[in-house]
Amino acid sequence: MAESCRQHVEFDMLVKNRTQGIIPLAPISKSLWTCSVESSMEYCRIMYDIFPFKKLVNFIVSDSGAHVLNSWTQEDQNLQELMAALAAVGPPNPRADPECCSILHGLVAAVETLCKITEYQHEARTLLMENAERVGNRGRIICITNAKSDSHVRMLEDCVQETIHEHNKLAANSDHLMQIQKCELVLIHTYPLSPVLTSEVHSVRAGRHLATKLNILVQQHFDLASTTITNIPMKEEQHANTSANYDVELLHHKDAHVDFLKSGDTHLGGSSREGSFKETITLKWCTPRTNNIELHYCTGAYRISPVDVNSRPSSCLTNFLLNGRSVLLEQPRKSGSKVISHMLSSHGGEIFLHVLSSSRSILEDPPSISEGCGGRVTDYRITDFGEFMRENRLTPFLDPRYKIDGNLEIPLERAKDQLEKHTRYWPMIISQTTIFNMQAVVPLASVIVKESLTEEDVLNCQKTIYNLVDMERKNDPLPISTVGTRGKGPKRDEQYRIMWNELETLVRAHINNSEKHQRVLECLMACRSKPPEEEERKKRGRKREDKEDKSEKAVKDYEQEKSWQDLERLKGILERGKEELAEAEIIKDSPDSPEPPNKKPLVEMDETPPVEKSKGPVSLLSFWSNRINTANSRKHQEFAGRLNSVNNRAELYQHLKEENGRNPLKNILNGDDRKWKSQPAVKSDLSN
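Residues numbered from 1 in each chain as written. Predicted model: local features only at pLDDT ≥ 70, side-chain atom pairs only at ≥ 80, totals over all residues. Heavy atoms only, no water.

A.B. asks: So, the overall build of the protein: which residues are in play, and what are the values?
C.D. replies: The helix and strand inventory of the protein stands at 18 helices and 21 strands. Burial statistics for the protein: of 688 residues in total, 30% are counted as buried. Accessible surface, the protein as shown: approximately 47100 Å² in total, 52% of it carbon and sulfur. (Helix = DSSP H or I, 4+ residues; strand = E, 2+ residues; numbered from the N terminus. Buried < 20%, exposed > 50% of the residue type's maximum accessible area, 1.4 Å probe, protein only. Areas by Shrake-Rupley, 256 points an atom, 1.4 Å probe, with all protein chains shown as cover.)

A.B. asks: Hey, could you go over the pairing of strand 6 (residues 182-187) for me, with residue numbers and the actual values?
C.D. replies: Where strand 5 (residues 138-143) lies against strand 6, six bridges are found, and the strand directions are parallel. Following the sheet pairing, I141 is matched in strand 6 by L185. For strand 6 and strand 8 (residues 197-201), the ladder comprises five bridges, and the chain directions are parallel. Looking at strand 8, one finds that L185 is bridged to S199. (Pairing = 2+ DSSP bridges.)

A.B. asks: Describe the pattern of salt bridges, and please don't skip the residues or the numbers.
C.D. replies: All told, the structure shown has 17 salt bridges when counted by the stated rule. Here R154 ties to E157 by a salt bridge, and the two come within 3.1 Å at their closest N and O atoms. Linking R154 with E157, this pair stays in helix 5 (residues 150-172), spanning three residues, or about one helical turn. The partner of E387 in a salt bridge is R390, and the shortest N-O contact between them spans 2.6 Å. Here E387 pairs with R390, and both are found in helix 9 (residues 382-391), just three residues apart, close to one helical turn. (Salt bridge = Lys/Arg side-chain N within 4 Å of Asp/Glu carboxyl O.)

A.B. asks: Tell me what's going on with the packing of aromatic side chains, and back it up with residues and numbers.
C.D. replies: Evaluated as defined, the whole model comprises eight aromatic pairs. Aromatic pair W285 and F320: ring centres 5.7 Å apart, planes at 50°, arrangement tilted. Here the residue W285 occupies a position in strand 12 (residues 280-289), and F320 occupies one in helix 8 (residues 312-322), the gap between them amounting to 35 residues. Judged by its relative accessible area of 15%, W285 is buried. The partly exposed category is assigned to F320, whose relative accessible area is 23%. Taking 6.0 Å as the distance between ring centres and 65° as the angle between the ring planes, the aromatic pair formed by F385 and W426 counts as edge-to-face. Of the two residues, F385 is situated in helix 9 and W426 in the loop between helix 10 (411-422) and helix 11 (442-447); the sequence distance between them amounts to 41 residues. Judged by its relative accessible area of 40%, F385 falls in the partly exposed class. Joined through ring pairs, the aromatic side chains of Y43, F51 and F222 make up one cluster. (Phe/Tyr/Trp six-rings, centres within 6.5 Å; stacked < 30°, edge-to-face > 60°.)

A.B. asks: So what's going on with a nonpolar patch on the surface? Which residues, and what values?
C.D. replies: Residues V618, L620 and F623 make up a contiguous nonpolar surface patch of roughly 300 Å² in combined accessible area. The residue V618 is located in the loop between helix 15 (532-589) and helix 16 (620-633) in this model. (Patch = residues over 30% accessible without salt bridge, like charges linked within 9 Å, V, L, I, M, F, W, Y side chains within 5 Å.)

A.B. asks: Run through helix 13 (residues 492-508), naming residues and quoting values.
C.D. replies: Along its 17 residues, helix 13 runs 24 Å from first to last C-alpha, staying within 8% of the 24 Å computed at 1.5 Å per residue. When we look at burial in helix 13, the residues that qualify are Q495, Y496, M499, W500, E502, L503, E504, L506 and V507. Of the surrounding elements, those touching the buried residues of helix 13 are helix 11, helix 12 (455-474) and helix 14 (515-528). (Expected span 1.5 Å × (residues − 1). Contact = heavy atoms within 4.5 Å.)

A.B. asks: Give me the lowdown on unusual backbone geometry, citing residues and values where you can.
C.D. replies: The backbone of K54 sits at a positive phi, close to 70°, despite the residue not being glycine. Inspection of the secondary structure puts K54 in the loop between helix 1 (32-50) and strand 3 (60-62). Positive phi values are uncommon outside glycine, yet N475 reaches one of about 60°. With a relative accessible area of 40%, N475 lands in the partly exposed category.

A.B. asks: Which residues make up the nonpolar core, and what are the values?
C.D. replies: F59, L86, F222 and L224 are the most contacted members of the largest nonpolar core, which totals 31 residues. Counting residues per element, the ones that place at least two in this core are helix 1, helix 2 (79-89) and helix 6 (208-222). By residue number, the principal contributor to this core is helix 1, which donates 11 residues. Listed in part, the 29 residues of the second largest apolar core include M438, L444, L506 and C527. (Core = buried A, V, L, I, M, F, W, Y, C linked by side-chain atoms within 4.5 Å.)

What follows is the structure in structure tokens.
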């Protein structure tokens, strides 16, 4: 460990104005020991920042023997104690014989330390008393060494395996030791060695690469995640009037990203330390808040630790937060309103990452049912579901009950069994069921879910089935939902077939409960098998409905064909009218044609009966018919009877009535009044 890591560090790289003629200082390089100490201290710093309690580390240095630097007590779990202990040990002697140093001493001491009982384990064993064996003892050994070959690695793994086996035997007969149930050996590719020990070997270059590797391991070992805060405004040292945006990467427990993982809305960005972390979630800096009353609804708080603790952006951010300021963090989005999901704030000198509820708060009104998993489905059986919950409420059950076989009945298991029976067939949507929308089926549906039926229950079920048969005989309508269907929906016969199938499904779901459930099913199947005359009546009814449908279809086809014929006739009239107008224009505009005589129209405009305006919309056929009738009425002399008519009706033979003073048609058959009665005056309908 005294060898150089061969990664050079420029000693005077910060000197800006170097005087000419002065030879620069030679670069220096750290030893493997120094790199290991710095990396392990960074590992412990991150762990202590996020888990100040109940996460314990024991340092052991191995040379010719094992040197335990601290204990499992909480007083020794801090960086100051560890740094002081490492300083007391000192760096390795480069002149010492390397054959005298062995890592095996440290591994054996590590296994012995893992078998010792910690304060937290002792408290847990004291509380459990008789169940003290339920307290687990699991640990991890991180060994930083320079292994010579693969066989050396195998030898170290075998040594740890044998040592664990031996110390577990000793711990089984001791009250001050605990057996190791699970141990993970990390030698700075992974395969399991046994159910007790798992090992992994990491081969990395010394220097900053070792620190990077330990930063990755601290994430894996303690379930940490990375968050990068972007666009942090900071003033430059050289230019006080200007500011630049910086990024700071923080480590925390991965539970702070649970909402992102659930929604799938992750914003993965690049790492700020040469890809040292697998992934990081990017959040944007918002305007700082000073009034804690304005804080949003918080669902969790987790300690944070900067990745690069000595950098200027990290130092400025931590000092800013420790002064009592709070910073809101928002999710970066390309469009839409910003979503504030996290907040940084300090409590008692420690900085926490708060998870804010970006979804609907429990203090708000409950969401509409259309916003749930079913989408825009709105016809849920909400009222029935409320009744279902009321029937299956859990209540304290103090008196013990026994099953038929004599075993004690557990109330929780009985409640689960009842819930299973009630949900064997329970449609959630109104449009997916018929029988649960019928009041007549309630007596059967409410008792069929029971574990056992009485004779009265069977009788009520049979009465319900007979009532349904009577409804079908009377052809009563059923509450069939027509949502999403076109036309009138299924026919009455089809509706009852759907109802009987659903009722059979409900009864068959509970057929194995008891023999009386079987009797209900037998009654149902007997009523479903109709006699031959009933089937014949149904067939005649279906034929009659088919004929009615065909006749309605034929009438519709005839009306449609007639409308097409009227339209074709109208087109012909329009074309002829256009041709006549065109010929008249040609004759009038010809220079050789004589002046047309000024003819007085036969009928004055005032004498033309006005066209009655229709109250509703006028069809194209009616419009052109009125126009053509108006044009034709100007070209001929009007019939005198139509001019003197009343409501387009003219009385005939008026002169004969005036001359004789009686109706001329009264006694046409020589006064034979036995067969003929006096006839009214003959009128003619002149409307056509």
